[in-house]
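So the chains spell out like this:
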Amino acid sequence: MTTVFIISAPSGSGKSTLVTAIKQLVDNLEFSVSYTTRQPRGSEEPGRDYYYTSRDVFERMIARGDFLEWADVFGNYYGTAKKFLDDAEGRGFDLLLDIDVQGATQLQEKLPNAVSIFILPPSRAELEKRLRRRSSAEKMTDEAVIRRRLETATREIEKYTEYGYILVNDQLSDSIDALRAIILAERLRAAGRAADGNEDKNTLLLAESRRLENVKDGLGPILDSFRRVSVEE
Ligand code: ADP
Ligand code: 5GP
C-alpha cells in the first residue's frame, strides 16, 4: 500500500531544503514533480524541480482531469499530476508531495489516509531573513515578492491545525531527523509492525513528539510573531 506524505509550508520555511535532504536518506520514496506556470528560479531544472508549462497547456490538463489537485498560488498555477500516484502505486513506493495548503485541503478530502506534515519557521523575523537570503543568493530580490510571501505566510500558518504533524524548522539537522522519523514511523504503522528494537522505539518517540496534539501548545510565540506584525501593518 502506498502511503502519501503531504508536506506544506509557507514559502521560505525550508521545505525544499528538507525534501532534498530526505531524498538521500529514505528509500522507496517517490517525489512528485509538480506542473507550474511560473518561470524557473535560480538553479532549478525542468523535470527535476517542476514541469514548466504555459497557462494554456495547464488549463487543458485541468479540463482533461489530469490533476490529482491543483491551485493558484501567487498568481501561478501549480498542480500534481495523477500519474505520479499511479506510478508510485505500480512500483510499490510511497509518494511525497510538496504542495500548498489549498492543495493539501483538496487532497486530504480525496485521500483521507494521507499523512500530512506542516513546516513552520521559528518566527516571522527568521522567515523574512530566509526569504531575503534566498532571493539575494538567486540575485532576484524583489521587495514586493518578499512582502507578498510574508503576507501569504501569515494566512497559511493559521491552517496548521489541519495537519497531522508539525515541524518547526529551527536547526536543520533536527528537522531532517524528525521528518525521517515521521516517514519511518508511518511505514511501521502501515505495515502493522510494532517497534523492533531501540532504534524503532526512538524513531516512534521522535515522530510522536511532532504530532499536532503534542506540539500545538508550544506554538504560541511563533503564531504571535506573525499575528503581531499583521495587526501593526
Ligand atoms: P522553501 O522550499 O520552504 O520555500 P527553501 O528550502 O528554499 O524554502 O529555504 C529558504 C532559505 O532558508 C534557503 O536559503 C535555505 O538555505 C534556508 N534554510 C532552510 N532551512 C534552514 C534552517 N533550518 N536554518 C537556516 N536556514 C535554512
Ligand atoms: P515555489 O514557487 O516557491 O516553488 O512554490 C510556491 C508554493 O506552491 C509552495 O507553497 C509549494 O508547496 C506550492 N506548490 C508546488 N507544487 C504544487 C502543486 O503541485 N500543487 C499545489 N497545490 N501547490 C504546489
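Values in this document were obtained by computation on a predicted structure and should not be read as measured data.

Asks: I tried to follow the site of ligand 2 on my own but got confused; where do I start?
Replies: Ligand 2 sits among 19 residues. The nearest are Lys-15, Ser-34, Arg-38, Tyr-50 and Tyr-78. Here an oxygen atom of ligand 2 sits 2.6 Å away from a polar atom, N or O, in the side chain of Arg-38. Here Asp-100 contributes a side-chain N or O atom positioned 2.8 Å from a nitrogen atom of ligand 2. About the coverage of ligand 2: the protein hides 95% of its 510 Å² of free accessible area. Among the elements of the structure, strand E5 (67–73) and strand E6 (76–81) are those that each provide at least two residues to the shell around ligand 2. The class makeup of the residues in the shell around ligand 2 is 7 nonpolar, 5 polar and 7 charged.

Asks: Is there a simple way to explain the environment of Pro-121 in this structure?
Replies: With respect to the element layout, Pro-121 can be found in the loop between strand E8 (115–120) and helix H5 (124–137). Sequence spacing of Pro-121 and Val-168 is 47 residues, and the spatial spacing of their C-alpha atoms is 5.8 Å.

Asks: I keep staring at the side chain of Asp-100 and nothing clicks. Help me out?
Replies: Relative to the helices and strands, Asp-100 resides in the loop between strand E7 (94–98) and helix H4 (101–110). Buried charge without a salt bridge: Asp-100, with Lys-15 as the nearest opposite-charge side chain at an N-O distance of 8.1 Å. Within polar-contact distance, the side chain of Asp-100 engages the side chain of Gln-102 at 2.9 Å.

Rules of the game
- Residues numbered from 1 in each chain as written.
- Chains lettered and ligands numbered in written order.
- Predicted model: local features only at pLDDT ≥ 70, side-chain atom pairs only at ≥ 80, totals over all residues.
- Heavy atoms only, no water.
- Near = heavy atom within 4 Å.
- Polar contact = N/O pair within 3.5 Å; in protein donor to acceptor, adjacent residues only side chain to side chain.
- Areas by Shrake-Rupley, 256 points an atom, 1.4 Å probe, with all protein chains shown as cover.
- Helix = DSSP H or I, 4+ residues; strand = E, 2+ residues; numbered from the N terminus.
- Nonpolar A, V, L, I, M, F, W, Y, C, P; charged D, E, K, R; others polar.
- Buried < 20%, exposed > 50% of the residue type's maximum accessible area, 1.4 Å probe, protein only.
- Lys, Arg positive; Asp, Glu negative; His and termini not counted.
- Salt bridge = Lys/Arg side-chain N within 4 Å of Asp/Glu carboxyl O.

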